[in-house]
Amino acid sequence: MKIEIKYFVYEKRMQRNLSSRRLAELSGISHTEINNIENGKKHPSLMTMCMIAAALETDPCSLFSYEIVQN
């Protein structure tokens, strides 16, 4: 079994008209880490997602979706 996760941090950030640097300031997460999440280079921790969600004034569950893929 494999799980595919998609993150929507970029889309939510754009809806709020925020730069990634501003989101970094608001969330306390580094600009580099936010970019890595948005570009699919990093799977963030739950705490990181909660901090980003708080900065975006949204629910953490709205920042990702997942799909279970059977082999």
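Residues numbered from 1 in each chain as written. Predicted model: local features only at pLDDT ≥ 70, side-chain atom pairs only at ≥ 80, totals over all residues. Heavy atoms only, no water.

Novice: Looking at this structure, how should I read the environment of Ala55?
Specialist: Following the sequence through the fold, Ala55 ends up in helix H4 (residues 46-56). Residues Ala55 and Lys41 lie 14 residues apart in sequence; the distance between their C-alpha atoms is 21 Å. Residue contacts for Ala55: discarding those within four places in its chain leaves Arg16, Leu23, Leu26 and Ser27. (Helix = DSSP H or I, 4+ residues; strand = E, 2+ residues; numbered from the N terminus. Contact = heavy atoms within 4.5 Å.)

Novice: What is the right way to read a nonpolar patch on the surface from this model?
Specialist: Taken together, the side chains of Met1, Ile3, Ile5, Tyr66 and Ile68 make up a nonpolar region of the molecular surface, amounting to roughly 550 Å² of accessible area. Those elements that place two or more of their residues in the nonpolar patch are strand E1 (2-7) and strand E2 (64-69). Among the secondary structure elements, Ile5 is positioned in strand E1. (Patch = residues over 30% accessible without salt bridge, like charges linked within 9 Å, V, L, I, M, F, W, Y side chains within 5 Å. Areas by Shrake-Rupley, 256 points an atom, 1.4 Å probe, with all protein chains shown as cover. Salt bridge = Lys/Arg side-chain N within 4 Å of Asp/Glu carboxyl O.)

Novice: So what exactly am I meant to see when it comes to the pattern of salt bridges here?
Specialist: It is possible for side chains of opposite charge to pair when their charged atoms get near one another. Counting across every chain of the model gives four salt bridges. Residue Glu38 is joined to Arg13 by a salt bridge in which the shortest nitrogen-to-oxygen separation is 2.7 Å. Taken together, the residues span a long stretch of sequence, with Glu38 in helix H3 (residues 31-38) and Arg13 in helix H1 (residues 9-15) at a distance of 25 residues. Each member of the pair, Glu38 as well as Arg13, carries the same accessibility label: buried. Between Glu57 and Arg16 there is a salt bridge; the shortest N-O distance is 3.4 Å. (Buried < 20%, exposed > 50% of the residue type's maximum accessible area, 1.4 Å probe, protein only.)

Novice: Mind showing me how you'd approach the side chain of Ser20 here?
Specialist: Relative to the helices and strands, Ser20 resides in helix H2 (residues 20-27). A polar contact of 2.9 Å, which involves the side chain of Ser20, links it to the side chain of His31. Residues in contact with Ser20, not counting those within four places in the same chain, are Arg13, His31, Ile34 and Asn35. (Polar contact = N/O pair within 3.5 Å; in protein donor to acceptor, adjacent residues only side chain to side chain.)

Novice: Could you clarify how one ought to interpret the packing of H2 against H3 in this entry?
Specialist: For any two helices packed against each other, the geometry comes down to the angle between their axes and how far apart the axes lie. Close contact between H2 and H3 brings their axes to 8 Å; oriented N to C, the two are set at 115 degrees. Here H2 and H3 pass one another in a crossing that is right-handed. Along its contact with H2, which presents Ser20, Arg21, Leu23, Ala24 and Ser27, the element H3 presents His31, Ile34 and Asn35. A class-by-class count of the residues in the contact of H2 with H3 yields three nonpolar, four polar and one charged. (Axes fitted to C-alpha atoms, helices over the stretch in contact; angles between N-to-C directions. Left-handed = near helix turned anticlockwise from the far one by under 90°. Nonpolar A, V, L, I, M, F, W, Y, C, P; charged D, E, K, R; others polar.)

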